[in-house]
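Chains, contacts and geometry: an overview
Chain by chain, the residues run as shown.
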Amino acid sequence: MTKDLLSSLEQFKNTAFQTLEQCGSLDQLSDLKVKFLGKKGQLTEILKTLGQLSDAERKDVGLKANQVKELLNGAFSTTEVKLKRQAVDEQIARERVDIHLPALPDIKGSFHPVMQVFQDSKRIFLKLGFDVDEGPEIETDFYNFEALNIPPHHPARDMQDTFYFDDGRLLRTHTSPVQIHVMENRKPPLAMVAPGVVYRCDSDQTHTPMFHQIEALLVDKDVHFGHLKHVIAEYLQQIFERDLQFRFRPSFFPFTEPSAEVDMTCVFCDGKGCRVCKETGWLEIMGCGMVDPAVFKHVNIDSNVYSGFAFGAGLERIAMLKYRINDLRLFFENDLRFLTQF
Amino acid sequence: MIVSYKWLCRLLPGLSEMTPETLASLLTMAGLEVESVTSFGDRFKGLVVGEVVQKEKHPDADKLSVCQVSVGSEQFQVVCGAPNVVAGGRYPLATLGTTMPDGLVIKPVKLRGLASSGMLCSAKELGLQAESDGLYTLSKNAQAGQSIAEALGMNDVIFELGITPNRGDALSHWGVVRDLAALTKLKPNYAFLADDFSGAITWGEAPCSVQVKIETQNKCARFTASEVRGLKITASPAWLAGRMQVLGLRSINNVVDATNYVMLLTGHPVHAYDARFVADRVLKVTEANSNLNYKTLDDQDRALTTGDLLIEDAKGPVGLAGIMGGLNSEIRDDTTDVILEVAQFSAEQVRKTAKRLGIKTDSSFRFERFVNPDSVLEAHRILQTLIVHLAGGEPTQIVDQYPHQLIKTKIEFPLGQIKRLLGYELDAQTVATYLRGLECDVTEQGDVLHVTVPGHRSDLTRAVDLVEEIARLHGLENVPIEAPRLPCKRPTESSLGRSEMDFIQHFVERGFVQTIHYSFTETQLLRQVLRDDETQWIQLKNPLSEDLAVMRPSLLPQLLMTYKKNHLQSEAGLKFVELRSVFRKIGNKVCETPMLVGLYSGEPYGRNRFGLRRSFDLFDGKGWLEGLFAKGKVNTSIEACETWPYHPGQSVTYKTDQGALAHVGLIHPELAQALKIKKPVFVFEIQAQLLADFWKKDLPRYQALSSQPAVFRDLSLVAPVELSVQDLFQEIDRLKPKELKDIRLFDVFSGGSSLPEGKKSLSFSISYEDSERSLTDEQVNQLHFALVEKLGQKLGLELR
């Protein structure tokens with residue numbers, strides 16, 4: 001009797017394992033589990049006859065039956081894991097796409113490169129604590145020239161070819177008139193920048209009749225040229241996103257005294273000398289100086305009490321150097337092939 | 001201005017220790033910017049004097065000669081086409097391998113079968129003249145084989161200086177030498193006159209027969225005149241002709257070259273008249289007192305007006321003072337007696353006249369920037385000495401009238417100004433030494449220097465000007481870098497300045513490309529695009545060209561042109577945006593109005609494999625604009641746009657309580673036709689200042705998040721076609737229960753068999769939510785149907 005039972009258990013086990021091995025789906029697997037191990041399954045059927053055995057025999061057979069059950073349970077779990085993995089693998093294979101096909105195009109707009117420099121410049125100066133001011137593009141002779149110490153019939157007027165209107169007004173030739181508007185309306189201490197569009201009656205390879213400048217002005221007690229150097233270095237190093245060396249060359253602007261031109265390390269050759277910097281290692285980048293007392297006089301600021309610095313830089317020039325653009329005129333041709341590069 | 005290295009070295013002994021490159025950098029760092037350095041030795045490398053020792057006709061070509069050209073040590077066969085080549089003549093020979101000034105490289109060639117090793121050159125080929133006929137014939141003194149730079153007296157290096165307008169004193173070799181002397185502490189030799197002259201500067205003893213009259217109040221500070229009689233006009237010697245050439249002037253004859261030489265040396269413009277054509281030997285400085293025409297020596301008729309400064313003889317004008325001589329008294333080949341003039345004229349008057357007439361001469365350029373009257377006589381003596389040296393003749397005494405003596409400027413210079421403006425301190429001794437180097441008289445008195453400025457430095461009038469001189473000489477590199485103290489407050493910015501980046505970024509994120517157009521455009525284009533009051537347009541008085549002649553009253557015309565230029569570039573849609581001012585004159589008021597303007601057209605994606613094919617329409621624009629307004633919490637309402645050039649059936653105007661804020665829509669069919677635009681093009685214009693004024697006035701205020709779920713219901717209504725969705729939304733807004741959180745229109749249709757005539761169907765998705773409690777289905781249904789019922793009563797709408 002015991003022997004019979006043990007052999008039928010053994011037979012049951014072998015059959016079950018063989019069937020499991022051939023099982024190909026999770027549905028079939030759960031059917032098999034009911035069939036072999038369920039409440040009304042084959043193992044239960046076999047064990048029903050257990051009652052007819054003696055205690056000792058029952059213990060032997062019970063032990064064997066439990067072993068078979070555990071073995072089978074384990075086999076079922078393993079098979080389940082295997083089948084689940086198979087199912088996922090099949091799903092993945094089914095859902096596989098050609099990843100090399102082009103994507104749904106991203107909608108890409110672009111900022112004008114000069115406007116990027118414009119906005120970056122504003123941000124840098126706001127962070128430093130400078131106000132941002134604006135002024136009219138159509139100006140009077142007083143604001144554009146006279147108040148900036150450029151009297152009529154002065155050769156300094158030749159430095160800036162001017163567009164005029166019939167009523168004597170003009171298109172501002174620089175952003176410096178904003179200095180005057182600001183100093184007329186606010187009292188020192190003053191720290192301001194004025195980015196904006198300016199115009200000169202000139203058009204060739206290296207000049208466009210319209211371009212952009214940024215003007216900076218700091219007026220306070222005891223402002224000296226060293227402060228100017230600091231702010232210029234701060235601004236240019238941030239806008240070019242790199243360390244730079246500077247050289248200040250004495251020059252002349254009617255509204256500053258002393259005046260200087262600022263040269264910075266050539267960004268094309270790191271100052272080693274190349275075609276762009278005419279082998280000097282330096283690039284001219286802006287004009288600057290200490291506010292001329294004659295300018296202070298026009299706006300009733302006492303130059304014995306206050307001093308100040310001012311500088312003005314061309315934003316197109318900065319954009320050209322920063323983005324390696326070799327033709328100024330591209331900025332205003334509005335060619336998509338150019339604009340979408342930025 | 002151009003200066004010669006060789007000449008500077010002659011005037012400042014010891015300077016030749018410095019290479020041209022070092023000298024250039026010294027000048028640049030002292031404020032006399034060197035814009036370029038040119039070595040004629042390098043430019044003429046490979047070019048030597050060739051002597052034609054034998055010349056034969058080419059056997060197979062009538063116009064070619066076969067020349068044996070000697071360069072001393074060697075002889076070359078050169079085939080030459082110039083008609084003026086003669087045996088025994090000396091010409092510039094470009095040897096094999098030479099790169100000509102125009103870039104041509106000389107290689108061995110065969111001309112009609114005969115080998116030619118080199119090229120004999122004309123003045124044009126040397127880059128010396130714009131035109132020339134035949135070879136450049138060199139003098140007999142030229143040595144075969146000698147370098148051309150040497151033979152032409154051009155073995156020199158020149159510096160092109162960008163002299164700033166305040167430095168009239170530096171527009172001469174003397175001027176540059178003065179600065180160099182201060183910088184190098186070398187001693188100038190102002191007495192050096194010419195390469196082949198070792199005598200002293202002298203002047204004539206014979207009485208001068210010229211009568212000088214100054215008949216202007218204050219436009220002529222000093223006038224000097226003298227004569228040289230019995231001279232002979234010849235070509236200039238090689239050294240002088242060469243110097244003229246290197247300095248960019250054409251060599252004319254010995255007397256004219258002498259006048260130019262003196263100007264380049266001293267900075268004094270000088271003039272020589274043929275004495276035969278100065279009536280009664282009178283030279284009168286006078287102001288034109290009526291409008292008259294006068295022919296200057298460039299053969300141009302010049303229209304003069306009252307106040308223009310003239311030099312007249314007994315009969316009439318002989319020159320435009322300080323600008324240009326007259327054709328009538330020009331030096332000719334047969335001139336024997338000359339009258340010399342060295343003077344000082346009003347900078348302002350010379351500039352006014354020159355500017356009005358559009359003349360810019362070496363003379364007017366210098367007078368405009370100030371010429372020192374104190375050194376007029378000295379310049380005159382140099383001129384006389386040089387002319388006698390070059391052309392012979394008998395000089396006379398110099399007649400000198402100096403009615404307006406130069407008063408030298410005296411400046412009180414507190415040393416504290418240096419520390420105050422430059423940030424470094426210098427002792428009185430050092431400062432005084434620098435200033436004396438500039439020929440200032442300096443007396444020290446404690447911390448104050450009393451400085452008398454030399455006559456040539458008219459730009460130095462105040463202590464601050466002296467600070468600049470110290471900065472030039474002591475160097476700006478010595479200024480210590482220091483962080484400034486900035487006002488301790490929040491920086492201010494205009495409302496538009498603060499928000500303009502948000503505006504542009506909104507559109508760039510949506511695929512727009514930012515453009516920049518010139519502020520001026522062409523009248524013709526404006527007329528084509530706008531229907532406008534043209535009296536408001538602002539014309540430039542001196543435009544660069546017709547297509548840049550009027551300030552734009554709108555950005556649309558230029559944007560439409562940019563569309564036309566680019567629309568073939570991209571298969572997918574085009575989107576442009578620009579934020580800049582437009583200009584109008586209303587009455588006497590000039591209005592600059594910042595506008596945020598855009599254009600879009602085409603298909604968002606072009607052809608694609610994703611099933612995403614549609615063309616842009618009005619509702620894309622509406623979405624972008626409304627999205628922008630929502631971002632800034634700007635409340636608007638809409639109405640149909642009736643403004644030109646918008647399509648009346650497909651355009652919208654956004655209004656605020658302060659007037660129209662924006663238009664968006666399709667361009668009018670008539671405009672599309674006129675511009676030959678075939679695809680639908682949409683544009684928008686937003687009043688940027690108005691938008692900025694409304695923009696994000698309030699910061700967002702956080703609202704607690706509801707933990708209760710939202711419940712969704714759909715609603716389909718049948719409404720009369722005339723009912724505006726804007727009105728319906730407003731009504732819903734009024735009637736809605738507080739639990740209604742969101743409502744979205746997702747479908748609209750009219751026509752078809754299921755709807756009666758004159759009706760449309762509107763479908764909405766509505767979400768309900770109560771933050772206090774979880775809404776049951778029943779509660780939501782109650783709220784929903786109560787709303788439907790109210791809408792039905794109020795607007796006569798039926799549930800579908």
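Model, not experiment: these values are computed from the prediction.

1. A word on the overall build of chain B
Helix and strand content of chain B: 21 helices and 39 strands. Taking 28 Å as the expected radius of gyration for a compact globule of 800 residues, we find that chain B reaches 41 Å, considerably beyond that expectation. Here chain B holds 800 residues, and the buried ones make up 53% of them. Restricting to contacts in chain B with at least 6 residues of sequence separation, those with at least 24 account for 70%.

2. A closer look at the sheet that holds strand β6 (residues 90-94) of chain B
Hydrogen bonds between backbone atoms are what pair the strands of a sheet, whose relative direction is either parallel or antiparallel. The five strands lie next to each other as β5-β4-β3-β6-β9 (chain B), forming an open sheet whose pairing is antiparallel. Two strands close off the open sheet at either side, each with one partner strand: β5 (75-80) and β9 (119-120) of chain B.

3. Let's talk about the nonpolar core
In this structure, Y235, L236 and F311 of chain A together with F413 and L435 of chain B are the most contacted members of the largest nonpolar core, which totals 127 residues. Leaving out residues up to four positions away in the same chain, Y235 of chain A has contacts with S121, I124, F125, I214, M286, F311, L315 and I318 of chain A. C121, W174, V342 and I382 of chain B belong to the second-largest nonpolar core, a separate cluster that totals 77 residues.

4. Things to note about the environment of L247 of chain B
Residue and element names in this part refer to chain B. Mapping L247 onto the fold places it in the loop between α6 (238-246) and α7 (254-266). Overall, the relative accessible area of 7% leaves L247 in the buried class. Once the C-alpha coordinates of L247 and Y261 are considered, the two residues, 14 residues apart in sequence, prove to be 9.8 Å apart. Ignoring anything within four residues of it in the chain, the contact list for L247 reads I2, V3, S4, W7, I158, H173 and L264.

5. Remarks on the packing of α7 of chain B against helix α10 (residues 376-391) of chain B
Residues and elements named next belong to chain B. Running from amino to carboxyl end, α7 crosses α10 at an angle of 145 degrees, the nearest separation of the two axes being 9 Å. In the packing of α7 onto α10, the handedness of the crossing is right-handed. On α10, the residues touching N254, V255, A258, T259, Y261, V262, L265 and T266 of α7 are A379, I382, L383, L386, I387, L390 and A391. Looking at the contact of α7 with α10, its residues break down into 12 nonpolar, three polar and no charged.

6. A look at the layout of surface pockets
Residues and elements named next belong to chain B. Looking at the second largest pocket, its volume works out to about 1100 Å³. Every residue lining the second largest pocket is counted, 31 residues in all, and those nearest its centre are K622, E626, I638, V725 and Q726. Contributing elements (two or more residues each) for the lining of the second largest pocket: α17 (618-631), β32 (637-640), β33 (646-656), α20 (725-735) and β37 (740-750). Residue composition of the lining of the second largest pocket, by class: 14 nonpolar, nine polar and eight charged.

7. Things to note about the pairing of strand β25 (residues 448-452) of chain B
All names here are of chain B. Bridge count between strand β23 (residues 410-414) and β25: five bridges; the pairing is antiparallel. Looking at β25, one finds that E412 is bridged to H450. When strand β24 (residues 441-445) meets β25, the two strands line up antiparallel, connected through five bridges. Within β25, the residue paired with T443 across the bridge is H450. Between β24 and the antiparallel strand that follows it, β25, lie two residues; G446 among them carries a positive phi value of about 60 degrees.

8. Comments concerning the interface of chain A and chain B
Contact with chain A, which involves 94 residues of that partner, is made by 90 residues of chain B. Taken together, the two surfaces of chain A and chain B that pack against each other cover about 7700 Å², and 60% of this comes from carbon and sulfur. In this structure, the connection of chain A to chain B is made through seven salt bridges. The salt bridge partner of D292 of chain A is R462 of chain B, with a shortest N-O separation of 2.6 Å. The interface formed by chain A and chain B contains 36 residue pairs in polar contact (both at pLDDT 80 or more). Among the elements that take part in the side of chain A that touches chain B, helix α5 (residues 113-128) of chain A stands out by supplying seven residues, more than any other.

So, how was this worked out
- Residues numbered from 1 in each chain as written.
- Chains lettered and ligands numbered in written order.
- Predicted model: local features only at pLDDT ≥ 70, side-chain atom pairs only at ≥ 80, totals over all residues.
- Heavy atoms only, no water.
- Helix = DSSP H or I, 4+ residues; strand = E, 2+ residues; numbered from the N terminus.
- Rg over C-alpha atoms; globule rule 2.2 N^0.38 Å.
- Buried < 20%, exposed > 50% of the residue type's maximum accessible area, 1.4 Å probe, protein only.
- Contact = heavy atoms within 4.5 Å.
- Pairing = 2+ DSSP bridges.
- Core = buried A, V, L, I, M, F, W, Y, C linked by side-chain atoms within 4.5 Å.
- Axes fitted to C-alpha atoms, helices over the stretch in contact; angles between N-to-C directions.
- Left-handed = near helix turned anticlockwise from the far one by under 90°.
- Nonpolar A, V, L, I, M, F, W, Y, C, P; charged D, E, K, R; others polar.
- 1 Å grid on protein atoms, 1.4 Å probe; cavity = no way out; pocket = protein on both sides within 12 Å on 5 of 7 lines; lining within 4 Å.
- Points joined across faces, edges and corners; volume = space filled by probe spheres on them.
- Buried area = accessible area lost by both parts, 1.4 Å probe.
- Salt bridge = Lys/Arg side-chain N within 4 Å of Asp/Glu carboxyl O.
- Polar contact = N/O pair within 3.5 Å; in protein donor to acceptor, adjacent residues only side chain to side chain.

Remember, this is a structural readout, not a statement about activity or role.
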